Amino acid sequence: MSKIILALGLGSLLLAQNKHKAQPWSKVKTKDSFCDLKQKCQRCLICLRQQLKPICLFGSLLIAADTRVRSHSNYCRFYNAKMATTSPVFLRLMANAVAVANHAGNIIREVMSKGDLGIVEKGVNDPQTEADRRAQQCIIGNFNKKFPLMSVIGEEDLAQETDTELVSDIDKEVLNLKCPEDLVNVTEEDFVVWVDPLDGTAEYTEGMLDHVTVLIGIAHKNRPVGGVIHQPYYNYKNDKAGLGRTLWGIPGVGVGGFNPVAPPEGKRLVVTTRSHMTPVVQQALDSLKPDEILRVGGAGYKVMLLMEGKATAYVFASPGCKKWDTCAPEAILTAMGGRLTDIHGDPYSYASTEMHPNRRGVLAAAKSDDHKWFVENIPDAVKQLVKS
């Protein structure tokens with residue numbers, strides 16, 4: 001019934017559009033374009049009253065009859081609620097991932113602001129903080145409540161709390177995207193989500209805050225199909241700029257939250273680990289003869305340098321990286337035309353049954369041609385030392 005009511009009410013707006021040559025009705029496919037058209041019609045109130053009064057009055061009464069849609073703002077809320085339940089599962093999952101990543105960023109900043117990070121050591125050069133724990137509880141708790149049939153794998157080995165605060169926000173831009181055809185009818189139990197609630201924990205504890213990211217990667221049939229990277233301390237050194245940002249990417253659709261930049265032509269700028277250097281990693285770097293080596297923390301931050309043209313390739317000839325470190329970055333990198341594989345050039349599987357470590361290292365580039373060059377120029381001797 002509500003659909004009939006809305007259709008009749010919108011019909012009056014269509015007649016007003018014909019009178020005033022507003023945008024073609026065929027373009028009114030989203031809430032924003034509907035709102036634009038409605039505002040144009042409202043500016044022609046005299047015409048509406050004089051020439052379209054019977055139809056407009058009838059349509060307005062019908063819309064008002066639906067208790068959920070009594071005003072323009074209520075229509076917007078009604079539209080968003082409908083989209084949040086009727087859009088393909090994949091788009092709802094991605095839109096929720098963006099919102100919950102933002103919320104996790106708030107948690108990370110809140111813990112830092114209190115001064116007590118609650119650090120425990122999981123292993124050598126592998127700290128865990130209160131921010132790691134709370135951010136993961138938030139992310140996985142929300143996914144478990146909203147998508148209870150879906151597999152969610154997080155970095156931290158924690159018992160999941162049952163009273164996690166539900167994040168009610170949802171990213172409307174992502175929700176309104178055109179869903180890839182092969183994902184339109186995929187149900188939640190066929191997705192796997194890999195979560196690193198705080199990538200770059202060591203840097204977080206040392207005050208290198210721009211290295212810190214939240215990573216949420218979505219996989220289907222073993223491959224990354226969507227990724228979200230939230231950088232909670234983006235612009236933290238600039239008081240006049242907004243704090244934090246969220247990047248996302250969907251292969252076959254595109255990216256959001258940033259503008260991809262190509263790396264400098266004629267230079268090889270390689271980004272690699274800051275704190276997990278080994279003789280094999282160094283051997284791989286030496287063989288490539290890069291113009292510059294950037295040593296930074298966090299897999300998410302390393303790949304972000306590729307996305308924004310600050311590095312040509314990410315080279316890590318070591319089994320130290322995990323699936324939750326690379327699923328989200330790989331999805332975004334692929335969406336902008338890049339590649340992320342092991343150092344042999346083979347893709348990783350992100351099935352829920354896979355072992356967590358990326359045992360064959362990581363090699364990524366923002367351009368597929370660059371990736372091919374690096375695969376071909378890493379010596380076989382190095383590749384033989386990094387294999388499962």
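Residues numbered from 1 in each chain as written. Predicted model: local features only at pLDDT ≥ 70, side-chain atom pairs only at ≥ 80, totals over all residues. Heavy atoms only, no water.

Once that is clear, we can look at the nonpolar core. With 50 residues, the main nonpolar core has Val271, Leu306, Met307, Tyr314, Val315 and Leu333 as its most contacted residues. With seven residues, the top contributor of residues to this core is helix α11 (residues 299-307). Residues in contact with Val315, not counting those within four places in the same chain, are Val270, Val271, Thr272, Ala284, Leu285, Leu288, Val362, Leu363, Phe374 and Ile378. Judged by nonpolar contacts, the second largest core, of 47 residues, contains Phe90, Leu93, Val98 and Ala101. (Core = buried A, V, L, I, M, F, W, Y, C linked by side-chain atoms within 4.5 Å. Buried < 20%, exposed > 50% of the residue type's maximum accessible area, 1.4 Å probe, protein only. Helix = DSSP H or I, 4+ residues; strand = E, 2+ residues; numbered from the N terminus. Contact = heavy atoms within 4.5 Å.)

A word on the packing of helix α6 (residues 89-114) against helix α7 (residues 130-146). Between α6 and α7, the shortest axis-to-axis distance is 9 Å and the interhelical angle comes to 155°. One element, α6, and the other, α7, form an angle in the roughly antiparallel class. With respect to the hand of their crossing, α6 and α7 are arranged in right-handed fashion. Only Glu130, Ala131, Arg134, Ala135, Cys138, Ile139, Asn142, Phe143 and Lys146 of α7 make contact with α6, whose side of the interface consists of Leu93, Asn96, Ala97, Val100, His103, Ala104, Ile107, Ile108, Glu110, Val111 and Lys114. Among the residues forming the contact of α6 with α7, the class breakdown is 12 nonpolar, three polar and five charged. (Axes fitted to C-alpha atoms, helices over the stretch in contact; angles between N-to-C directions. Parallel < 35°, antiparallel > 145°, perpendicular 65-115°, else oblique. Left-handed = near helix turned anticlockwise from the far one by under 90°. Nonpolar A, V, L, I, M, F, W, Y, C, P; charged D, E, K, R; others polar.)

A word on the packing of aromatic side chains. In this structure the tally under the stated criterion is six aromatic pairs. Between Phe143 and Phe147, the ring centres sit 6.4 Å apart and the planes meet at 55°, which makes this aromatic pair tilted. The class of Phe143 is buried, set by a relative accessible area of 2%. Classification of Phe147 as buried rests on a relative accessible area of 2%. Note on Trp373 and Phe374: the rings are 5.0 Å apart at their centroids and 80° apart in plane angle, and the pair reads as edge-to-face. (Phe/Tyr/Trp six-rings, centres within 6.5 Å; stacked < 30°, edge-to-face > 60°.)

A large share of strand β5 (residues 213-220) lies buried, amounting to eight of its eight residues. Because side chains alternate across β5, one face comprises the buried residues Thr213, Leu215, Gly217 and Ala219, and the other comprises Val214, Ile216, Ile218 and His220, equally buried. Inspection of the sheet shows strand β4 (residues 191-199) paired to β5 by seven bridges, in the antiparallel sense. For Val195, the partnering residue across the bridge sits in β5 and is Ile216. Taken together, the seven bridges between β5 and strand β6 (residues 223-231) define a ladder with antiparallel strand orientation. Residue pairing across strands places Ile216 opposite Val228, the latter belonging to β6. Between the end of β5 and the start of β6, which pair antiparallel, lie two residues, with Lys221 showing a positive phi angle near 50°. (Pairing = 2+ DSSP bridges.)

With that settled, consider the environment of Val89. Among the secondary structure elements, Val89 is positioned in helix α6. Distance in space between the C-alpha atoms of Val89 and Thr187 is 6.3 Å, their sequence separation being 98 residues. If we skip the residues at most four places from it in the chain, Val89 touches Phe147, Val186, Thr187, Glu188 and Phe191.

Pairing of strand β1 (residues 120-123) with strand β2 (residues 126-128), which is carried by three bridges, proceeds in the antiparallel orientation. By the bridge assignment, Val120 is partnered in β2 with Gln128. Linking β1 to β2, which pair antiparallel, is a turn of two residues; within it Asn125 sits at a positive phi near 55°.

If you add up the space inside the largest pocket, you get close to 590 Å³. Taken together, 32 residues make up the lining of the largest pocket; nearest its centre are Asp126, Asp199, His276, Gly320 and Asp325. Contributions of two or more residues to the lining of the largest pocket are made by β1, β2, β4, α9 (201-205), α11, β11 (313-316) and α12 (323-335). A per-class count over the lining of the largest pocket returns 10 nonpolar, 10 polar and 12 charged. (1 Å grid on protein atoms, 1.4 Å probe; cavity = no way out; pocket = protein on both sides within 12 Å on 5 of 7 lines; lining within 4 Å. Points joined across faces, edges and corners; volume = space filled by probe spheres on them.)

What follows concerns the sheet that holds β4. Here we have six strands laid out as an open sheet, ordered β3-β4-β5-β6-β7-β8, and mixed in their pairing. Every interior strand has two partners, whereas the edge strands, β3 (151-154) and β8 (254-256), have only one. Averaged over neighbouring strand pairs, the angle between their axes works out to 15° when direction is ignored. Both strand β7 (residues 245-250) and β8 contribute to a ladder of three bridges, which runs antiparallel.

Another aspect to go through is the sheet that holds strand β13 (residues 362-365). The pairing of strands in a sheet comes from backbone hydrogen bonds and takes either a parallel or an antiparallel form. Spatially, β10-β9-β11-β13-β12 is the arrangement adopted by the five strands of the open sheet, whose pairing is mixed. Each of the sheet's edge strands pairs with one partner strand only, and the pair in question is β10 (292-296) and β12 (339-341). Strand-to-strand, the axes of this sheet are offset by a mean angle of 20°, without reference to chain direction. The strands that α12 touches are β12 and β13; relative to β12, the one it contacts most, it runs at about 150°.

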